[in-house]
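# Examination of the molecular architecture
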Amino acid sequence: MFAKKKLIVSMLAAVPMMSFAASEDNEISLSKDTEQLDTLVVTATMEAKKIEDIPAFATVVTKEDIAKSTVSSVADLLRDTVGVNNSSDETGRDSIQIRGLDGGYTVLLVNGKRVSAGSAFDKGSDTDFNSVPLNSIERIEIIRGPMSVLYGADAIGGVVNIITKRPQDDAGWTGTASAEMRKIESGEGGDQYRLGVSGMGAISDKVALSVSVEDLRQKAWFANDEDISPLREKKNAQNLASTLTWQVADNQEVDVDFGYNHDERPYQTFNTSGATREQEITRTDLAITHKGQWDWANTTAYIKREESDVYDYNSQYDEPEAHSGLEANNTYAKGYANKVVGMHALMAGVDYQNEQLKNSYTLLDSGEYNVDQYGVFAQDEMALTNKLVFTLGGRVDNHDIYGNNFSPKAYLVYDATSSLTLKGGVTKAFKAPEVSKLSEEYRTVSCGGACTLSGNPDLEAETSVSYEFGADYHSKKLNATATVFRNDIDNLIEREVGYDSNGNANSAKWINVATAMTQGLELSASTPLTDDLLLKANYTYLDTEAEDSEGVKTVLTGRPEHQASLSFDYQATDILSTYLSVNYISGMQYSTWVSGVGDVYSTLPSYYRTDIGLIADVTESLTLRAGIKNIGDVRLDEEDTGYTTYELGRNYFVSAAYNF
């Protein structure tokens, strides 16, 4: 299955031994059989289930993992988990890949609701991943593999669900104030400062409130003093996340979520040709959710509205000064019900999406577009025996151009023993092209300013079939997961660039690649070596292939073939704990165009990145952190010019958090 390639066998800790349940009050649940803390996941089935019992493979990152890590963003945190790679661009913008599939195949949720206004930028942006305050996060659930039945066609790669903190019952008012500073030793600039405050508690016996705010200031980092463009851009961001919870009755609850995100990327040069850009988004989110527990079923229904003002300047545009007054307004609604009837755990629902973009500079005729999408979905988890559960699901999507499309799912979960679970399944999905790729009126500058890229109305929709099989093992001494997977995609949409005889790009268009495939192996484990020392490890092997209409086969570039992480968490004293992590990347390929030959593929050199840190619980209220990231000062710009992603040079951080 793996094209005769030698697999590196290693271990990966994707499942922390301490994790939080997905109940309404985030209580920790204790398994009577294993006498250990269960990891519960809501994203895979829309209700809380043990991670080993869900019809999918998942990773849960807790607030403790975030607090003791060296990361500076959500995307930076995710890339250390199994099956996930952060394919950041040449200016440090994040782009998450799950199982080798780009970010356009991953759905980002906050508390189960979509976040997607960042797609309004003509050249793309990572504002969505940076729109949630780090100090507001309770946990992050990462579902690897297709979840199209529940979340739509663009969930072919997986789902990332950021779940924010909620007030604890009878805990009174609590809060945290935090501050962090990072400095980069090599290169020039790059200082980062983060301030955050969060608070939560009961307003009355029926109403509770949680609020988190954050301010982030990041200076541009230049790899060398003489560089004109940074390897990580300057950024200023202010984020707010809040939830008001009203216990309407014993069986009913209403949540009102309000979010604010202001993300500014000031004017700066962004490539070696001297092109300049400036971007800014001001976004407000409002959502209302009703949850009910009835005799006939448990129900959840919500409606969410995103409204964003966008400023998008780029010197490569025909009218660079004119890209202001852009708007992105998105409406999402979803309703579903869960009911257990005998051997059947039934779930059914409907959802609706309306995406509106106003941009008279790329939508040359109408100046705006509206896209409506409707979906109907259902899933049945059938307990065939007390050890074997068969999940059968399906979704019908309605699209204005491509009509109705059916996406089915079939999955088996078998509890072989009290500790070992075997599971696997197959899922089919459909994905329609975005308007920027489909509409003839959509025009944008491409090829570094040398050509124009427009939509192609002849594009076919992408379809996929995905398979996975693996094992979950959970005991007091070892948590481990092993998974093999394969994604087959027909009509994959890619940008095709044409070149003149001198090797200069002179044309670009969107095309359907005949087929594409990603397949691989994921291994993860965590085990306490002693009462004070925890070992966590993970490894991902990835094999890719693309075939055009003429039968020419190539690989998908910008994806590591081997990716591994090894970390040690050591509780040195009651007050002081330390951690060490080593990350490994190998086998990433890139292509260059050679006149008379065409695309030539090469393998980039492998590298390690080592991080170290310590945490001091000075008092019950005060925690101090410090550490070094990239101790070896690995610089991809020095390793090989073929790297289009980056690693920050050796950098130091200190932070303090005060709980009140």
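All values derive from a computational prediction rather than experimental measurement.

## Describing the sheet that holds strand β9 (residues 158-164)
One open sheet accounts for five strands, arranged β3-β8-β9-β6-β7; its pairing is mixed. Of all strands in the sheet, those bounded by a partner on one side alone are β3 (57-62) and β7 (113-114). As paired strands, β3 and strand β8 (residues 137-144) are joined by six bridges and run antiparallel to one another. Residue pairing across strands places Thr59 opposite Ile142, the latter belonging to β8.

## Observations regarding the pattern of salt bridges
Counted according to the given criterion, the structure contains 43 salt bridges. For Lys629, the salt bridge is made with Asp76, and the minimal N-O distance between the two is 2.3 Å. Of this pair, Lys629 sits in strand β37 (residues 622-629) while Asp76 sits in helix α2 (residues 74-78), and the two are 553 residues apart along the sequence. Of the two residues, Lys629 and Asp76, neither departs from the other in class, the shared state being buried. A salt bridge links Arg93 to Glu233; its shortest N-O distance comes to 2.7 Å. On the criterion of sequence distance, the pair formed by Arg93 in the loop between β4 (84-86) and β5 (96-98) and Glu233 in the loop between β14 (221-222) and β15 (235-249) is long-range, its members being 140 residues apart. For the pair formed by Arg93 and Glu233, the shared burial category is buried. Each member of the salt-bridge network shares a partner with another, and the members are Asp76, Arg79, Asp80, Arg609, Asp611, Lys629 and Glu647.

## A short note on the layout of surface pockets
In this structure, the second largest pocket encloses a volume near 1500 Å³. Lys63, Glu64, Asp65, Ala67 and Lys68 are, among the 49 residues lining the second largest pocket, the residues nearest its centre. Of the residues forming the lining of the second largest pocket, the biggest block, five residues, is contributed by helix α1 (residues 63-67). Residue composition of the lining of the second largest pocket, grouped by class: 19 nonpolar, 15 polar and 15 charged.

## Points about the pairing of strand β30 (residues 533-547)
Across the 15 residues that make up β30, a large majority, twelve, are buried. By the bridge criterion, 14 bridges tie strand β29 (residues 505-528) to β30 in an arrangement that is antiparallel. Paired with Met517 across the two strands is Glu545, which belongs to β30. Between β29 and β30, which pair antiparallel in sequence order, lie four residues. Where β30 lies against strand β32 (residues 562-571), nine bridges are found, and the strand directions are antiparallel. When the bridges of β32 are listed, Tyr541 appears paired with His562. Where β30 lies against strand β31 (residues 553-554), two bridges are found, and the strand directions are antiparallel. Across the sheet, residue Ala546 finds its bridge partner in β31, namely Thr554. Between β30 and β31, which follow one another and run antiparallel, lie five residues, and Gly551 among them has a positive phi close to 85°.

## A look at the packing of aromatic side chains
The description of two aromatic rings rests on the distance between their centres and on the angle between their planes. Per the stated rule, a full pass over the model turns up five aromatic pairs. Between the aromatic rings of Tyr352 and Tyr374, the centroid separation amounts to 5.2 Å while the plane-to-plane angle is 40°, which identifies the pairing as tilted. Taken together, the residues span a long stretch of sequence, with Tyr352 in strand β20 (residues 344-358) and Tyr374 in strand β21 (residues 368-383) at a distance of 22 residues. With relative accessibility at 27%, the residue Tyr352 sits in the partly exposed group.

## Concerning the confidence of the model for the protein chain
When the pLDDT values of the protein chain are averaged, the result is 86; 92% of them are 70 or greater. Least confident of the elements in the protein chain is strand β25 (residues 443-446), whose mean pLDDT is 78; most confident is β32, at 96.

## Some remarks on the nonpolar core
Ranked by internal contacts, the top residues of the largest apolar core, which has 21 residues, are Val74, Leu78, Ile137, Ile140, Ile142 and Ile162. If you list the elements that add at least two residues to this core, you get α2, β5, β6 (106-110), β8 and β9. Considering each element in turn, this core owes the most residues, four residues, to α2. Each residue touching Leu78, except ones within four places of it in the same chain, is listed here: Val84, Ile96, Phe129, Ile140, Ile142 and Val160. The next biggest cluster of nonpolar side chains, apart from the first, holds 20 residues, and it includes Ala44, Leu109, Leu150 and Tyr336.

About the cut-offs
Residues numbered from 1 in each chain as written. Predicted model: local features only at pLDDT ≥ 70, side-chain atom pairs only at ≥ 80, totals over all residues. Heavy atoms only, no water. Pairing = 2+ DSSP bridges. Helix = DSSP H or I, 4+ residues; strand = E, 2+ residues; numbered from the N terminus. Salt bridge = Lys/Arg side-chain N within 4 Å of Asp/Glu carboxyl O. Buried < 20%, exposed > 50% of the residue type's maximum accessible area, 1.4 Å probe, protein only. 1 Å grid on protein atoms, 1.4 Å probe; cavity = no way out; pocket = protein on both sides within 12 Å on 5 of 7 lines; lining within 4 Å. Points joined across faces, edges and corners; volume = space filled by probe spheres on them. Nonpolar A, V, L, I, M, F, W, Y, C, P; charged D, E, K, R; others polar. Phe/Tyr/Trp six-rings, centres within 6.5 Å; stacked < 30°, edge-to-face > 60°. pLDDT = per-residue confidence, 0-100. Core = buried A, V, L, I, M, F, W, Y, C linked by side-chain atoms within 4.5 Å. Contact = heavy atoms within 4.5 Å.

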